[in-house]
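Here's the letter readout for the chains.
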Amino acid sequence: MMYDENKREITLDRELGKLDRFVIDFCKLPKEYVIVSGYVSILFGRSRATEDVDLLFPKMGFHEFEDLWKRVYGAGFECINTSIVSEAFDMLNEHAIRFYKEIPVPNIEFKMIKNNLDEYSFRNRIKVKIGKEALYVSPLEMQIAYKLFLSQGKNEKDLEDAKHLYNLFKEKLNKDELLDFVNKLDVKKEFEKII
Amino acid sequence: MNINLEELKSDRQKNSEERMKFVEFWANYVKTHSDKEWSRQQNVLIDSQIESAHNLVKKKVEK
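As the structure is a computational prediction, the values presented were derived from the model and not from experiment.

(A) Inspection of the layout of surface pockets at higher detail. The space that makes up the largest pocket amounts to roughly 400 Å³. In terms of lining, the largest pocket is formed by 14 residues, of which the most central are A:Lys154, A:Glu156, A:Leu159, A:Lys193 and B:Ser16. When contributions to the lining of the largest pocket are tallied by element, the ones reaching two or more residues are α7 (156–169) and α9 (188–194) of chain A together with α1 (5–32) of chain B. Grouping the constituent residues of the lining of the largest pocket by class yields two nonpolar, six polar and six charged. Approximately 320 Å³ is the volume found for the second largest pocket.

(B) Broad picture of a positive patch on the surface. On the surface, A:Lys154, A:Lys189, A:Lys193, B:Lys9 and B:Arg12 cluster together into a positively charged patch. Looking at the positive patch, the elements with two or more residues in it are α9 of chain A together with α1 of chain B. Within the fold, B:Lys9 resides in helix α1. In this structure B:Lys9 comes out as partly exposed when scored by relative accessible area, which is 40%.

(C) Quick peek at the interface of chain A and chain B. Contact residues are listed per partner, giving 35 residues for chain A and 26 residues for chain B. On the chain A side of the interface with chain B, the three residues burying the most area are A:Glu15, A:Lys18 and A:Ile103, jointly 23% of the side's total. Ionic pairing is found between A:Glu160 and B:Arg19, a salt bridge with its closest N-O pair at 2.6 Å. Contributions of two or more residues to the side of chain A that touches chain B are made by β2 (9–12), α1 (18–27), α2 (38–43), β7 (103–112), α7 and α9 of chain A.

(D) Structural detail: α1(A). Most of α1(A) is tucked away: seven of the ten residues are buried. Within α1(A) the residues assigned to the buried category are A:Leu19, A:Asp20, A:Phe22, A:Val23, A:Ile24, A:Phe26 and A:Cys27.

(E) Highlighting the environment of A:Glu177. Residues and elements named next belong to chain A. Examined against the element boundaries, Glu177 turns out to sit in helix α8 (residues 175–184). In sequence terms Glu177 and Leu140 are 37 residues apart; their C-alpha atoms lie 9.9 Å from each other. Not counting chain neighbours up to four residues away, the residues in contact with Glu177 comprise Tyr120 and Glu141.

(F) Highlighting unusual backbone geometry. Residues and elements named next belong to chain A. The amide bond that connects Val105 to the next residue, Pro106, takes the cis arrangement and shows omega of 0°. Within the secondary structure, Pro106 is located in strand β7. One non-glycine residue with positive phi stands out, namely Glu102, at about 70°. With respect to the helices, strands and loops of the structure, Glu102 is situated in the loop between β6 (97–101) and β7. Phi angles above zero are rare outside glycine, and Asp186 is one such case at about 60°. Within the element layout of this structure, Asp186 appears in the loop between α8 and α9. Since its relative accessible area comes to 59%, Asp186 is described here as exposed.

Definitions and limits used
- Residues numbered from 1 in each chain as written.
- Chains lettered and ligands numbered in written order.
- Predicted model: local features only at pLDDT ≥ 70, side-chain atom pairs only at ≥ 80, totals over all residues.
- Heavy atoms only, no water.
- 1 Å grid on protein atoms, 1.4 Å probe; cavity = no way out; pocket = protein on both sides within 12 Å on 5 of 7 lines; lining within 4 Å.
- Points joined across faces, edges and corners; volume = space filled by probe spheres on them.
- Helix = DSSP H or I, 4+ residues; strand = E, 2+ residues; numbered from the N terminus.
- Nonpolar A, V, L, I, M, F, W, Y, C, P; charged D, E, K, R; others polar.
- Patch = residues over 30% accessible without salt bridge, like charges linked within 9 Å, V, L, I, M, F, W, Y side chains within 5 Å.
- Areas by Shrake-Rupley, 256 points an atom, 1.4 Å probe, with all protein chains shown as cover.
- Salt bridge = Lys/Arg side-chain N within 4 Å of Asp/Glu carboxyl O.
- Lys, Arg positive; Asp, Glu negative; His and termini not counted.
- Charge placed at Lys NZ, Arg CZ, Asp CG, Glu CD.
- Buried < 20%, exposed > 50% of the residue type's maximum accessible area, 1.4 Å probe, protein only.
- Contact = heavy atoms within 4.5 Å.
- Buried area = accessible area lost by both parts, 1.4 Å probe.

What follows is the structure, encoded as structure tokens:
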């Protein structure tokens, strides 16, 4: 695993599993996206499975969404929430929609960018090269702090995800950026637990 | 039935600490071994969960 901080690029020589192939297949469909949350830790080796993979995408109009919908269905994915494209589009303003292939687990949780943190993740995403494939993931500093924030609900899984990423990349992380997010998200106590 | 809540809480705390130690151990393993090596092991765990889900759905359809 090689992380070039300046190019914001990580090169992984990992073997692809069923979950990775599922994610890569879906990520070829939207024009732009960023993967956030649990799968980021899993991609970098965390020893756990997951039911869903969170994907953020920039706001789009109905026709653009309809084109994407056709590509998604053409690639064999289906929407869990509805099979009607206009209904799915309306839902996106309220909540995420989920796509699966053959069986509902795992599924893609497809969410529109809604707040500053989402926007930051998207604008500063990191390219992960895996052989001929590439995925875009949230910046690690932000990912660690956000996982610590989620762990405040006593969720051990999120604390462990944060610890995995921190331990793995600590020599390469931008400490100022990480501490800035830790302060902004008010997770100093949780941060102490993983360092 | 008498339940010793303090004992349970202490076990929960110990379990949590042990899990964090394992996360540290595994992150170190990932750092010090080739991507191919750790990912092969990780895939055994994740692929088996997905296969189980597939088999469960298949069984239900067959019924």
